[in-house]
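Now for the letters of each chain:
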Amino acid sequence: MNVEEGVALARYTTLGTGGQARAFARPESEREVDELLHWAAERSLSVAVIGLGSNLLAADDGVDALVLKLGGELAAVEAEENLLRVGGGTANAVALHRARAAGLGGFEFACAIPGTIGGGVWMNGGAYGGDFAGVLERALVATADGSGWLTPTGLGLSYRHSELQHGQVVLRAELRLRPRPPEEIKAEVRELNARRKAAQPTNRRTFGSVFKNPDHELSSGRMLEACGLKGHRIGGAQISPKHANFIENADGATTADALALMAEARRRAHEQFGVRLEHEVEFLGPIELPDL
Ligand SMILES: Cc1cc2nc3c(=O)[nH]c(=O)nc-3n(C[C@H](O)[C@H](O)[C@H](O)COP(=O)(O)OP(=O)(O)OC[C@H]3O[C@@H](n4cnc5c(N)ncnc54)[C@H](O)[C@@H]3O)c2cc1C
């Protein structure tokens, strides 16, 4: 069990921001996760998992926790009949590739989500009408008190939300897919990727959608665009000129820069539309947005 100190989380987030983790480890098996959870519990240290950091803002001052990055057998994938067995640390792209090779469809929506299975379960990731809740049979979740399989209902999955808390580790998952010719899967993925590229800043450092879509005729992106925020910049972070619900690391951004932009965007959306935007991006460490 190798626990490192002083690991900069900026290396592990797609925005490229964040301070150091108090402790950092890369478990490759259920046994190693179990040992690490006990190691942290003995020290009263909280535990958080980082996937591909594609939906994450980590505090600039660092994160007082043991941060785990799953690898080895916890990032594997295998197909058996209509079931895709995946690790919590398996990249969606790898799982999708395996599903296609096995002629299993239903996970195509995940081509748009540059994260891992664990991150997808955590926030019920979704795109183009599909989401994890729609394909997830069950997930194996570990805590310091033991592990158990949870269904989507047990995980409390709803729109971009689960009831999972830090300290719970998604070790594995089973996705229930359906037979589909690989050529059809490939064609759909190509079309979805083209749609994505036309609408979003896919060649910039971002963390995906900043805010969830509100219960309103306008999406968050359209609302922030109407507030005149496209291209608005604070420090090294800017609201994407291509899609206003994305924040880009334009040049040496910090998490504080991104948060200042988020606070300004929420303030303006509230002022102009009376809507309280809720953030979709997850926070790691002592991070808060000011009240409206
Ligand atoms: C360009 C771009 C486009 C995107 N488009 C979409 C989209 O269309 N739809 C969408 O839903 N999302 C989208 N996202 C956001 C992001 O890719 C998803 O939320 C993804 O599911 C996050 O996965 P991750 O592994 O990167 O998680 P991280 O960002 O690393 O972590 C997110 C949360 O999940 C927790 N977590 C991660 N792994 C585990 C685990 N094994 N066990 C327990 N907790 C875990 C973390 O602690 C954290 O709280 C996009 C992001 C980018 C950069």
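Note that the coordinates shown come from a computational prediction; the quantities given were computed from them, not determined experimentally.

Colleague: Just checking my understanding: could you explain the packing of aromatic side chains for this structure?
Modeller: Aromatic rings in a pair are described by how distant their centres are and how their planes are angled relative to each other. Under the counting rule described, the total for this entry stands at four aromatic pairs. Aromatic side chains Phe 107 and Phe 109 sit 5.5 Å apart centroid to centroid with 80 degrees between the ring planes, which places their arrangement in the edge-to-face category. Look at Phe 109 and you get buried, because its relative accessible area is 5%. Through a chain of ring-to-ring contacts, the aromatic side chains of Phe 107, Phe 109 and Phe 132 assemble into a single cluster. Here Arg 138 stacks its cationic end above the ring of Trp 149, 3.9 Å away from the centre of that ring.

Colleague: For this particular structure, what's the right way to read the site of the ligand?
Modeller: Inspection of the region around the ligand gives 33 residues, with Val 49, Gly 51, Ser 54, Thr 116 and Gly 126 positioned closest. In this structure, an oxygen atom belonging to the ligand sits 3.1 Å away from a main-chain N or O atom of Leu 52. For the ligand, the protein covers 95% of the area, taking 970 Å² as the surface of the free molecule. When residues of the shell around the ligand are traced back to their parent elements, those giving at least two are helix H3 (117-122), strand S9 (126-127) and strand S13 (169-176). Sort the elements by how many residues they give to the shell around the ligand and H3 lands first, with four residues. Its residues assigned to classes, the shell around the ligand shows 14 nonpolar, 16 polar and three charged.

Colleague: Even after reading the chapter, I still don't get helix H1 (residues 30-42), so can you show me in this structure?
Modeller: The periodicity of an α-helix, 3.6 residues per turn, causes residues three or four places apart in sequence to face the same way. The first and last C-alpha atoms of H1 sit 18 Å apart over 13 residues, in line with the 18 Å expected at 1.5 Å per residue. Considered for burial, the residues of H1 that qualify are Val 33, Leu 36, Leu 37, Trp 39 and Ala 40. Relative to the axis of H1, the buried residues are bounded by an arc of 160 degrees and lie together on one face. Opposite the buried face of H1, at more than 90 degrees from it, the exposed residues are Arg 31 and Glu 42. Looking at the buried residues of H1, the elements they touch are strand S2 (20-25), strand S3 (46-49), strand S5 (63-68), strand S11 (136-143) and S13. Positive phi shows up at Ser 44, right after H1, with a value of about 50 degrees.

Colleague: What should I look at first to understand the nonpolar core in this one?
Modeller: Looking at soluble globular proteins, one finds that nonpolar side chains tend to be buried together. Formed by 30 residues in total, the largest nonpolar core has its most connected members in Phe 107, Ile 117, Val 121, Leu 136, Leu 155, Leu 175 and Leu 177. Counting only elements with at least two residues in this core, the list comes to strand S7 (83-87), helix H2 (92-101), H3, helix H4 (132-135), S11, S13 and helix H6 (182-199). Setting aside anything within four residues of it in sequence, one finds Val 121 in contact with Phe 132, Leu 136, Leu 155, Leu 157, Ser 162, Leu 164 and Val 170. Formed by 27 residues, the second largest nonpolar core is a distinct cluster that contains Leu 15, Phe 211, Leu 224 and Val 275.

Colleague: I keep staring at the environment of Leu 68 and nothing clicks. Help me out?
Modeller: In this fold, Leu 68 is placed in strand S5. A relative accessible area of 0% means that Leu 68 is categorised as buried. On a C-alpha basis, the gap between Leu 68 and Val 3 in space is 9.5 Å, while along the polypeptide they are 65 residues apart. Leaving out residues up to four positions away in the same chain, Leu 68 has contacts with Ala 25, Pro 27, Leu 36, Val 47, Ala 48, Val 49, Ile 50 and Val 169.

Colleague: I would appreciate a short explanation of the side chain of Ser 29 in the present structure.
Modeller: With respect to the helices and strands, the residue Ser 29 is situated in the loop between S2 and H1. Other than its neighbours up to four places away in sequence, Ser 29 contacts Glu 73 and Leu 74.

Colleague: Any chance you could explain the sheet that holds strand S16 (residues 237-239) here in plain terms?
Modeller: Neighbouring strands of a sheet are bound in pairs by backbone hydrogen bonds; such pairs are parallel or else antiparallel. Pairing within the open sheet is antiparallel, and its three strands lie in the order S15-S16-S17. Taken across any chain shown, the strands that pair with only one partner, and hence form the sheet edges, are strand S15 (233-234) and strand S17 (247-249). Summarising the sheet, S16 and S17 pair through three bridges and their orientation is antiparallel. Bridge pairing links Gln 238 to Glu 248 in S17. Together, S15, S16 and S17 form the strand contacts of helix H8 (residues 255-273), whose direction differs from that of S16 by roughly 30 degrees.

Colleague: Explanation requested: the pattern of salt bridges in the structure shown.
Modeller: A side chain of one charge can pair with a side chain of the opposite charge when the charged atoms of the two come close. For the structure on display, the rule yields 20 salt bridges. In this structure, Glu 191 and Arg 195 form a salt bridge, with 3.5 Å as the shortest nitrogen-oxygen distance. With a gap of four residues between them, Glu 191 and Arg 195 both fall in helix H6, about one helical turn apart. You can call Arg 195 partly exposed: its relative accessible area is 43%. Of the charged contacts, one joins Arg 267 and Glu 271 as a salt bridge, the two residues approaching to 3.0 Å between their closest N and O atoms. With Arg 267 and Glu 271 both in helix H8 and four residues apart, the pair spans about one turn of that helix. Among the charged side chains, a network of salt bridges with common partners joins Glu 80, Arg 85, Arg 138 and Glu 174.

Parameters and conventions
Residues numbered from 1 in each chain as written. Predicted model: local features only at pLDDT ≥ 70, side-chain atom pairs only at ≥ 80, totals over all residues. Heavy atoms only, no water. Phe/Tyr/Trp six-rings, centres within 6.5 Å; stacked < 30°, edge-to-face > 60°. Buried < 20%, exposed > 50% of the residue type's maximum accessible area, 1.4 Å probe, protein only. Lys NZ or Arg CZ within 6 Å of the ring centre and 35° of its normal. Near = heavy atom within 4 Å. Polar contact = N/O pair within 3.5 Å; in protein donor to acceptor, adjacent residues only side chain to side chain. Areas by Shrake-Rupley, 256 points an atom, 1.4 Å probe, with all protein chains shown as cover. Helix = DSSP H or I, 4+ residues; strand = E, 2+ residues; numbered from the N terminus. Nonpolar A, V, L, I, M, F, W, Y, C, P; charged D, E, K, R; others polar. Expected span 1.5 Å × (residues − 1). Arc of directions from axis to C-beta. Contact = heavy atoms within 4.5 Å. Core = buried A, V, L, I, M, F, W, Y, C linked by side-chain atoms within 4.5 Å. Pairing = 2+ DSSP bridges. Axes fitted to C-alpha atoms, helices over the stretch in contact; angles between N-to-C directions. Salt bridge = Lys/Arg side-chain N within 4 Å of Asp/Glu carboxyl O.

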